[in-house]
Amino acid sequence: MRTEILYLIIYLIFFAFIIRTLRNALYFVFLWQLKEYRLDRILAHLKSPQGKKLVLGPLTLVKWILLLIIIGSMVLKYQFFPFGFYAYLLFAFIWLIEACLNIKELIVRGWRTPQFTLRINIILGIAFIIIFNPLLFPDFLTVGIISLVFYGPFIDKALPLIITILVYVLNIPSLIYRKLMIMRAKKKVSKLKNLIVIGITGSYGKTSTKEFLATILSEKYKVAKTPGFNNTEIGVARYVLEELKPNHEIFVVEMGAYKRGEIKAICDIVKPKIGIITAINQQHIELFGSIKNTQKAKYELIESLPKEGIAIFNGCN
């Protein structure tokens, strides 16, 4: 009877661990995707109040202390007793709490999940193989589950690192693909000799200015414009390859940036003849470092214009 109760508790802890690990894995890849797989944006997020909760939240700090106790008990060869054993119990209790909160979150507002692209699927697939490989044991209902619970505290704290490493590894083929796509986009634009490209950048007002301008110009010209908030180098390159046609006369391009050099990179693709800077403020200041750097980054659009180009500024800003 006692053995059955013990296994019941282990199974309960196991399912709690599965739920909270699944939710956290989905959230971490969602965050990387949201921040465009950029470390500078992830670090900036971690400095925000929401990001600090991930690193310095009460449960996070408690689990780090418990993990150190477990490691200490292993090093001292106490076989997890007495402190290591109790640390495991507290870890299990925290997983149960997290699982309950995660289930409530799923029911009330749903989990934050990424768009399941090929890259995301590969990251999650490899991460789950690494995390749940004890379940591949022949007797996974006993040995596998017990092993997973045993290594659970280490997996708990290693999950963000596992996701980060996988993101960086998969960034290599992604970077090669991006470079090839950008080269193709540059070549395509260079062949459209009569195309007038209008670049729009600024801290805010880019999208609305683009939409107004494209709507007005479309009354007389065949106009193409970058869709939605798609204003990155790779986003512009992809649109050029997939949507820009030889019969387009004007191409309105929204240009976004998080650091100096990124506006210039977009300009190198589309070669704007008209540049519009909407306004400058403190947006993304944690990435630019200063308002002066923001100004210099946005001014790259003006510097990229030809001698006969036209630069338009917001006189009130």
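Throughout what follows, the structure given in this document is the object of discussion.

Calculation criteria
Residues numbered from 1 in each chain as written. Predicted model: local features only at pLDDT ≥ 70, side-chain atom pairs only at ≥ 80, totals over all residues. Heavy atoms only, no water. Helix = DSSP H or I, 4+ residues; strand = E, 2+ residues; numbered from the N terminus. Buried < 20%, exposed > 50% of the residue type's maximum accessible area, 1.4 Å probe, protein only. Contact = heavy atoms within 4.5 Å. Areas by Shrake-Rupley, 256 points an atom, 1.4 Å probe, with all protein chains shown as cover. Lys, Arg positive; Asp, Glu negative; His and termini not counted. Charge placed at Lys NZ, Arg CZ, Asp CG, Glu CD. Pairing = 2+ DSSP bridges. Salt bridge = Lys/Arg side-chain N within 4 Å of Asp/Glu carboxyl O.

Some words on the overall build of the protein
Item 1. The helix and strand tally for the protein stands at twelve helices and five strands.
Item 2. Along the first, second and third principal axes, the C-alpha atoms of the protein reach 85 × 40 × 35 Å.
Item 3. By the burial criterion, 43% of the 317 residues in the protein qualify as buried.
Item 4. Look at the contacts in the protein between residues 6 or more apart in sequence, and 76% of them connect residues 24 or more apart.
Item 5. Per element, the accessible surface of the protein, about 18,200 Å² overall, is 67% carbon and sulfur.
Item 6. Separation between the mean location of the 40 positive side-chain charges and that of the 20 negative ones in the protein comes to 3 Å.

Overview of the side chain of Arg38
Item 1. With respect to the helices, strands and loops of the structure, Arg38 is situated in the loop between helix H1 (2-34) and helix H2 (39-46).
Item 2. Assessed through its relative accessible area of 16%, Arg38 is described here as buried.
Item 3. Other than its neighbours up to four places away in sequence, Arg38 contacts Trp32, Tyr258, Lys259 and Glu262.

A closer look at the side chain of Lys35
Item 1. Inspection of the secondary structure assignment puts Lys35 in the loop between H1 and H2.
Item 2. When its relative accessible area of 15% is taken as the criterion, Lys35 is described as buried.
Item 3. Apart from the residues within four sequence positions on either side, Lys35 is in contact with Arg41, Ile42 and His45.

What to know about helix H10 (residues 262-270)
Item 1. The buried count for H10 comes to seven of nine residues, which makes it a mostly enclosed element.
Item 2. Note on H10: the residue one or two positions beyond its end, Lys271, has a positive phi of about 55°.

Here we look at the environment of Gly315
Item 1. Topologically, Gly315 is positioned in the segment after strand S5 (310-313).
Item 2. C-alpha of Gly315 to C-alpha of Ile277: the two residues are 38 residues apart in sequence and 10.0 Å apart in space.

Brief notes about the pairing of strand S1 (residues 196-201)
Item 1. Where burial is concerned, most of S1 is hidden: five out of the six residues are buried.
Item 2. Strand direction decides the pairing type here: S1 and strand S3 (residues 250-254), joined by five bridges, are parallel. Considered in S3, the bridge of Ile200 is made with Glu254.
Item 3. By the bridge criterion, four bridges tie S1 to strand S4 (residues 274-277) in an arrangement that is parallel. Counted as the bridge partner of Ile200 is Ile276 from S4.

Overview of the pattern of salt bridges
Item 1. Scanning the model with the defined rule gives 14 salt bridges in all.
Item 2. For Glu105, the salt bridge identified is with Arg109, shortest N-O distance 3.8 Å.
Item 3. We classify Arg109 as exposed; its relative accessible area is 67%.
Item 4. Here Lys157 and Asp156 are joined by a salt bridge, their closest N and O atoms 4.0 Å apart.
Item 5. Residue class for Lys157 comes out buried when judged on its relative accessible area of 15%.
Item 6. Exposure remark for Asp156: the relative accessible area of 5% places this residue in the buried category.

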